[in-house]
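Chain residues, written in single-letter form:
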Amino acid sequence: MIPYPTVQDASVALGRNLTWFETVWFDYSATKSDFHVYCHTILVLFLVFSLAPLPFVFVELTGWFERFKIQPKVKYSLSDMFRCYKDVMKLFVLVVGTLQFVTYPSIQMVGIRSGLPLPSLMEIVAQLVVYFLIEDYTNYWIHRWLHCKWGFEKIHRVHHEYTSPIGYASPYAHWAEVLLLGIPTFLGPAIAPGHIMTFWLWISLRQMEAIETHSGYDFPRALTKLIPFYGGAEYHDYHHYVGGQSQSNFASVFTYCDYIYGTDKGYRVHKKLLQQIKEETEEKGGKKYD
Ligand SMILES: [Zn+2]
Ligand SMILES: [Zn+2]
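Everything numeric in this text was worked out from a predicted model, so none of it was measured.

**Concerning the overall build of the protein chain**
Of the regular secondary structure elements, the protein chain holds 14 helices and zero strands. The C-alpha atoms of the protein chain give a radius of gyration of 21 Å, which matches the 19 Å a tight globule of 290 residues would have. When the backbone C-alpha atoms are referred to their principal axes, the protein chain occupies close to 70 × 40 × 40 Å. Classification of the 290 residues of the protein chain by burial places 31% in the buried group. A separation threshold of at least 6 residues defines the contact pool for the protein chain, and within that pool the share at least 24 residues apart is 71%.

Given below as structure tokens:
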């Protein structure tokens, strides 16, 4: 809850006029408790997860961009994708909803704030970079562990049911995996705590990134290709294509962990072979894993 009754009081306390964003934030949160604001985290997740994969649903149903489909032999209908959406929504309500109540004390403990002033753009960007790097590194090792015999059979097998993933399948996993992968997501904000708005931005961007890497489409002009060491859709799609036996491409966002620890060798050989086949047959685009 913001400890100022009016925008004018907040301006006096800050010693300056509120920015437009701060006024909007004041109107939204002034009468809500910190817990109430934190509870809206799940709404942010619902909103992003419901809307962000829609362009990929359109692309899949129309077939207009089939040349960019990574595994073109696999087709999904609207009901297939809706079934996946419903499964993941259930998981969100049961696991993430419960987790939200349990994690509130830790959010308070680490000092994630929800008042004024709002963070500067520089602060937000710096924290997001740190969160992505920490998540990527921690997720890499947890994901690698999930590929041991026990971890795969008992937990990770569910996420690999989609050998050709779709956007809505990005969080499709065993409830234990959702809990486990919550650790890398919270670790960054716990080490470098910021504003709840930055936290929402972080989980939204991370989710959008996961939706893109599970989309099943590799668009050559995607803006994410400009990000250094970014894995992308084709990179993670290969991990799903190989399945449980995969000892390649474990990282969630970037490629450098797999490179450093030598877990991208299978992928690199695969890419080389594809290139050779392409050159020999003079095939253009499209068929990649056939
Ligand atoms: Zn895996
Ligand atoms: Zn995946």
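What follows continues from the structure just given.
**What to know about the UniProt feature "transmembrane region" (unreviewed entry) in the protein chain**
UniProt records the feature "transmembrane region" (unreviewed entry) for residues 35-59 and 91-110 in the present numbering. Across residues 91-110, the secondary structure splits into 100% helix and 0% strand, with the terminal C-alpha atoms separated by 26 Å.

**Quick look at the UniProt feature "domain: Fatty acid hydroxylase" (unreviewed entry) in the protein chain**
According to UniProt, the "domain: Fatty acid hydroxylase" (unreviewed entry) feature falls on residues 129-263. Helix makes up 56% of residues 129-263 and strand 0%, and the two end C-alpha atoms of the span are 23 Å apart.

**So, the domain arrangement of the protein chain**
In terms of domain boundaries, the protein chain breaks down into domain 1 (1-31) and domain 2 (43-281). Centre-to-centre, using C-alpha coordinates, domain 1 lies 36 Å away from domain 2. Counting residues at the interface gives eight residues for domain 1 and five residues for domain 2. For the side of domain 1 that touches domain 2, the elements supplying multiple residues, two or more each, are α1 (7-14) and α2 (20-29). Among the elements that make up the side of domain 1 that touches domain 2, the one with the highest residue count is α2 (five residues).

**As for the packing of helix α4 (residues 41-51) against helix α6 (residues 78-110)**
Two quantities define a packed helix pair, namely the angle between the helix axes and the distance between the axes. At their nearest, the axes of α4 and α6 sit 10 Å apart, and the two run at 160 degrees to each other. Overall, the two elements α4 and α6 adopt an arrangement that is roughly antiparallel. Regarding α4 and α6, the two cross each other, and that crossing is right-handed. Between α4 and α6, the residues in contact are T41, I42, L45, F46 and F49 and V88, F92, V96, G97 and Q100, respectively. Split by residue class, the contact of α4 with α6 holds seven nonpolar, three polar and no charged.

**As for unusual backbone geometry**
A cis amide bond links L116 to the next residue, P117, at an omega of 5 degrees. Position of P117 relative to the elements: it lies in the loop between α6 and α7 (121-146). Phi is positive for F229, which is not a glycine, with a value near 60 degrees. With respect to the element layout, F229 can be found in the loop between α11 (196-213) and α12 (233-242). For F229, a count of 13 C-beta atoms within 10 Å translates into the label partly exposed. The backbone phi angle of N249 is positive, close to 60 degrees, even though this residue is not glycine.

**Some details on the nonpolar core**
Judged by nonpolar contacts, the single largest core of 22 residues is most densely connected at C84, I166, Y168, A169 and Y172. Only α6 and α11 provide two or more residues apiece to this core. Counting residues per element, this core draws most heavily on α6, which supplies four residues. Contacts of Y168, omitting those with residues within four sequence positions, involve P53, M81, C84, Y85 and V88. Formed by seven residues, the second largest nonpolar core is a distinct cluster that contains Y38, I107, Y131 and I196.

**Re the environment of F68**
Topologically, F68 is positioned in the loop between α5 (54-62) and α6. Leaving out residues up to four positions away in the same chain, F68 has contacts with Y217, D218 and F219.

**What about the packing of α4 against α11?**
With their axes 10 Å apart at the nearest point, α4 and α11 run at an angle of 30 degrees to one another. Considering their axes alone, α4 and α11 lie roughly parallel with respect to each other. For the element pair α4 and α11, the recorded crossing hand is right-handed. Two secondary-structure elements touch here, α4 through T41, V44, L45, V48 and F49 and α11 through W200, I203, S204, Q207 and M208. Looking at side-chain class alone, the contact of α4 with α11 contains seven nonpolar, three polar and no charged residues.

Definitions and cut-offs
Residues numbered from 1 in each chain as written. Chains lettered and ligands numbered in written order. Predicted model: local features only at pLDDT ≥ 70, side-chain atom pairs only at ≥ 80, totals over all residues. Helix = DSSP H or I, 4+ residues; strand = E, 2+ residues; numbered from the N terminus. Rg over C-alpha atoms; globule rule 2.2 N^0.38 Å. Buried ≥ 20, exposed ≤ 12 C-beta atoms within 10 Å, placed from the backbone. Contact = placed C-beta atoms within 7 Å. UniProt positions renumbered as here; feature names shortened; annotations may be inferred. Domains from an automatic or database assignment. Axes fitted to C-alpha atoms, helices over the stretch in contact; angles between N-to-C directions. Parallel < 35°, antiparallel > 145°, perpendicular 65-115°, else oblique. Left-handed = near helix turned anticlockwise from the far one by under 90°. Nonpolar A, V, L, I, M, F, W, Y, C, P; charged D, E, K, R; others polar. Core = buried A, V, L, I, M, F, W, Y, C linked by C-beta atoms within 7 Å.

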